[in-house]
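# An overview of the molecular structure
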Amino acid sequence: MTSGRAIRRGILPSAVILQRRTDGTVYARSPEPLGRYPEKITERLEHWAGCAPDRPFLARRSRTHSGSASWRTLSYADALGRVRSVGQALLDRGLSTDRPLVILSGNGIEHGVLALAAMYCGIPYAPISPSYSLLATDHATLRALWEALRPGMVFADDGPAFERALSSVLGRNTVVVSCTPPESIDNIPYEELEQTVATAAVDLAHGGVKADTIAKILYTSGSTGHPKGVINTQRMLCSNQEMLCTVLPLLCEQPPVLCDWLPWNHTFGGNHNFGIALYNGGTLYIDDGRPTAGGFAETVENLREVATTAYFNVPRGYDLLVPRLREDAGLRQHFFSRLRMLFCAAAALRQQTADDLQAMAVDEHGDPIPLVTGLGATESAPFALCAGAAAFTGGRVGVPVPGVELKLAPVDRKLEARLRGPNITPGYWRDDALTRAAFDGEGFYRMGDALAFVNPADPSKGFVFEGRLAEDFKLSSGTWVHVGLLRGRFLAHFGDLVQDVAIAAPDREFVGALIFPNLETCRTIAGSPTAPPRDVLRHPAVLDRFTDLLESLARASSGSSTLVCRAILLEAPPSLDAQELTDKASVNQKAVLKHRAALVEQLYTLDGPGILIELAGGVPT
């Protein structure tokens with residue numbers, strides 16, 4: 001899969017070929033060719049069912065009434081048999097491009113079988129974030145997705161849990177399938193699907209699946225707006241996995257073992273990680289934990305039992321993992337015992353967290369473990385740029401992977417990243433206008449992300465992320481505030497005191513911030529482990545720490561666009577109902593500013609109930 005160039009620890013070194021135009025546009029691509037890839041992703045399921053029939057493909061922890069737990073596994077051979085049976089059941093019930101499958105449940109073995117069965121038979125499916133059903137008090141987003149999809153079948157593993165959401169969206173022609181039946185809704189037991197006998201109709205449908213067949217519709221997490229239905233074709237999924245194997249051959253040198261929580265309704269978990277296991281004959285242990293104060297204990301419990309060969313997470317997950325590894329020698333030894341790669345995506349990882357991980361890796365391994373980052377989108381399936389061979393520095397996203405063309409187009413004094421390649425979406429589900437707007441005249445997908453060279457004199461060092469163009473705004477003075485850069489600088493400066501921040505506000509006279517504090521750190525500073533958030537955040541020691549850091553950040557600022565003059569500490573965490581928080585645990589900047597408009601106003605009027613901190617000298621004039 002590589003051209004023979006030296007590979008360090010199973011990662012292809014960075015290299016890039018550039019072409020520049022007189023208007024400032026830059027084109028970049030890898031000199032490495034992209035290898036051949038299958039026409040449809042389920043060919044890999046058939047391959048491994050033949051080559052390694054008894055190898056576990058999916059595993060999930062199952063708990064008994066007594067509280068004991070064991071891993072329930074699904075082998076490759078068994079998976080293929082169930083996929084064919086369920087595929088027949090989908091065909092029997094008339095599912096098609098006009099009547100797709102919707103999956104409301106989170107990650108699970110049944111979810112995986114249903115998804116592969118749909119793809120095996122050429123039926124599009126859409127995995128929908130469970131938060132739209134279980135955590136939202138208003139099902140407006142779910143209803144909008146339902147109207148766009150018009151599904152023929154919906155799967156909800158826990159019928160009673162999803163009953164209220166289902167009642168708000170169900171039409172007459174949608175079949176409900178569940179493992180535990182809802183009381184008030186007619187449904188089919190999931191087991192009935194698996195008991196269906198596959199016929200020649202399944203083979204005929206499978207033979208009709210081609211590279212451009214729609215595999216799934218993934219709704220974006222809405223980091224800058226409302227969810228959009230991104231079409232994912234078979235070509236996208238297969239080419240993207242081959243890109244991963246070309247750049248990160250360690251993934252295919254031996255069957256990978258993953259333990260992963262990332263949701264399958266998101267491209268990172270559902271395409272990238274699920275695909276890595278399937279494409280390379282690996283085992284994916286489904287982690288039902290979450291990178292939250294209440295959910296991370298389960299992740300730790302799983303990592304005590306599963307030693308991964310590659311570990312994938314978002315920055316918040318690594319922030320929570322580092323102290324656990326530092327405090328627990330047994331967990332640390334087991335975690336690093338056969339680990340060959342750490343991978344972080346969805347947002348920028350703190351440099352201190354990266355340094356702590358590498359220090360522990362050196363203690364356990366004798367040398368560092370590659371910490372891989374990159375840049376992608378739901379529209380790119382997602383792998384597009386990778387900084388795998390470079391030493392980790394925050395914001396670095398690397399170079400285009402083989403098969404991907406990167407175009408850097410001048411936009412408002414920045415360079416917008418645009419992508420073209422076999423892994424790029426053909427468009428959005430039933431939205432021609434949005435599709436046309438997403439591509440430029442040369443057929444490049446407009447990412448909306450700004451990039452810059454790490455070192456213009458050495459392009460092989462790749463690119464650095466400079467934020468979302470749509471998030472940038474001007475102060476009343478006309479000065480541009482580059483939100484992505486300022487936000488990254490703010491988070492690095494405040495360290496583990498801050499969980500996230502939203503930068504405010506367009507057309508105002510100075511920059512302010514709405515801060516989501518790390519309550520665990522604040523409780524430690526206040527010496528109040530059980531006090532309510534408001535009391536903790538108003539503790540003098542906590543306010544002094546925030547004020548001191550705001551002052552020191554100001555002293556290092558270069559002008560009004562980088563000077564945060566006031567900030568408000570937020571007691572309430574990001575709201576799912578208001579779409580302030582995405583499934584990948586990142587904050588939607590625009591949604592926060594819109595939902596908390598009264599607090600934004602307080603930044604500039606000093607009138608309101610928020611916990612305000614500001615520079616000692618006040619706002620500069």
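The preceding data block contains the structure.
Below is a summary of the structure that appears in this document. (Residues numbered from 1 in each chain as written. Predicted model: local features only at pLDDT ≥ 70, side-chain atom pairs only at ≥ 80, totals over all residues. Heavy atoms only, no water.)

Turning next to the pattern of salt bridges. Under the counting rule described, the total for this entry stands at 30 salt bridges. Here Arg82 makes a salt bridge to Glu194, at a shortest N to O gap of 3.6 Å. Of the two residues, Arg82 is situated in helix H2 (residues 76-92) and Glu194 in helix H7 (residues 190-194); the sequence distance between them amounts to 112 residues. When its relative accessible area of 23% is taken as the criterion, Arg82 is described as partly exposed. For Arg508, the salt bridge is made with Glu601, and the minimal N-O distance between the two is 2.7 Å. On the criterion of sequence distance, the pair formed by Arg508 in the loop between strand S26 (498-504) and strand S27 (511-517) and Glu601 in helix H22 (residues 597-605) is long-range, its members being 93 residues apart. (Salt bridge = Lys/Arg side-chain N within 4 Å of Asp/Glu carboxyl O. Helix = DSSP H or I, 4+ residues; strand = E, 2+ residues; numbered from the N terminus. Buried < 20%, exposed > 50% of the residue type's maximum accessible area, 1.4 Å probe, protein only.)

In this fold, Tyr279 is placed in helix H11 (residues 267-279). Put simply, Tyr279 and Ala391 are 112 residues apart on the chain and 27 Å apart in space, counted from C-alpha to C-alpha. Looking at Tyr279, its side chain comes within polar contact range of the side chain of Glu242, at 2.8 Å. (Polar contact = N/O pair within 3.5 Å; in protein donor to acceptor, adjacent residues only side chain to side chain.)

The next subject is the packing of aromatic side chains. Inspection of every chain in the model, using the stated rule, returns 16 aromatic pairs. Between Tyr27 and Phe444, the ring centres sit 6.0 Å apart and the planes meet at 55°, which makes this aromatic pair tilted. Of the two residues, Tyr27 is situated in strand S2 (residues 26-29) and Phe444 in the loop between helix H16 (432-438) and strand S22 (445-453); the sequence distance between them amounts to 417 residues. Here Tyr27 and Phe444 have matching classes, each one buried. On the basis of an interplanar angle of 80° and a centroid distance of 5.3 Å, the ring pair of Tyr311 and Phe335 is categorised as edge-to-face. Linking Tyr311 in strand S14 (residues 310-313) with Phe335 in helix H14 (residues 329-336), this pair joins segments that are 24 residues apart in sequence. Here Tyr311 matches Phe335 in class, with each residue buried. (Phe/Tyr/Trp six-rings, centres within 6.5 Å; stacked < 30°, edge-to-face > 60°.)

A word on the side chain of Thr174. Along the chain, Thr174 turns up in the loop between helix H6 (159-169) and strand S8 (175-178). A residue is classified by how much of its surface remains accessible, and Thr174, at 13% relative accessible area, is buried. In terms of polar contacts, Thr174 uses its side chain to reach the backbone carbonyl oxygen of Pro151, at 3.0 Å.

Read across the open sheet, the four strands follow the order S4-S3-S13-S12; overall the sheet is mixed. The open sheet terminates on both sides in strands that have one partner only, identified here as strand S4 (69-75) and strand S12 (257-260). Along the sheet, successive strands turn relative to each other by an average axial angle of 20°, direction set aside. When S12 meets strand S13 (residues 283-286), the two strands line up parallel, connected through four bridges. Each residue of the ladder has a partner; that of Cys259, found in S13, is Tyr285. (Pairing = 2+ DSSP bridges. Axes fitted to C-alpha atoms, helices over the stretch in contact; angles between N-to-C directions.)

Of the positions making up helix H12 (residues 296-305), those classed as buried are Phe296, Thr299, Val300, Asn302 and Leu303. The arc that holds the buried residues of H12, viewed along the axis, is 165°, so those residues lie on one side. (Arc of directions from axis to C-beta.)

Quick look at the packing of helix H18 (residues 519-526) against helix H20 (residues 540-555) now. As a packed pair, H18 and H20 sit with axes 8 Å apart at the nearest point and diverge in direction by 120°. When the axes of H18 and H20 are compared, the pair comes out oblique. The interaxial crossing formed by H18 with H20 has right-handed handedness. Across from Cys522, Ile525 and Ala526 in H18, the residues of H20 making contact are Ala541, Val542, Arg545 and Phe546. (Parallel < 35°, antiparallel > 145°, perpendicular 65-115°, else oblique. Left-handed = near helix turned anticlockwise from the far one by under 90°. Contact = heavy atoms within 4.5 Å.)

Two elements in contact, helix H17 (residues 483-494) and H20, have axes whose closest approach is 10 Å; the angle formed by their N-to-C orientations is 130°. Taken together, the axes of H17 and H20 lie oblique to each other. For the crossing formed where H17 meets H20, the hand is right-handed. Residues Arg489, Phe490, His493 and Phe494 of H17 form the contact with H20, whose own contacting residues are Phe546, Leu549, Leu550, Ser552 and Leu553.

Attention now moves to the sheet that holds S26. Read from one edge to the other, the open sheet built from four strands follows the order S26-S27-S28-S29, with strand pairing classed as mixed. The two strands at the open ends of the sheet, each matched to only one other strand, are S26 and strand S29 (611-614). Here the strands of the sheet are splayed against their neighbours by 25° on average, with no regard to which way each runs. Two elements, strand S28 (residues 564-569) and S29, share four bridges in a ladder whose sense is antiparallel. Opposite Ile568, over in S29, you have Leu612 as the bridge partner.

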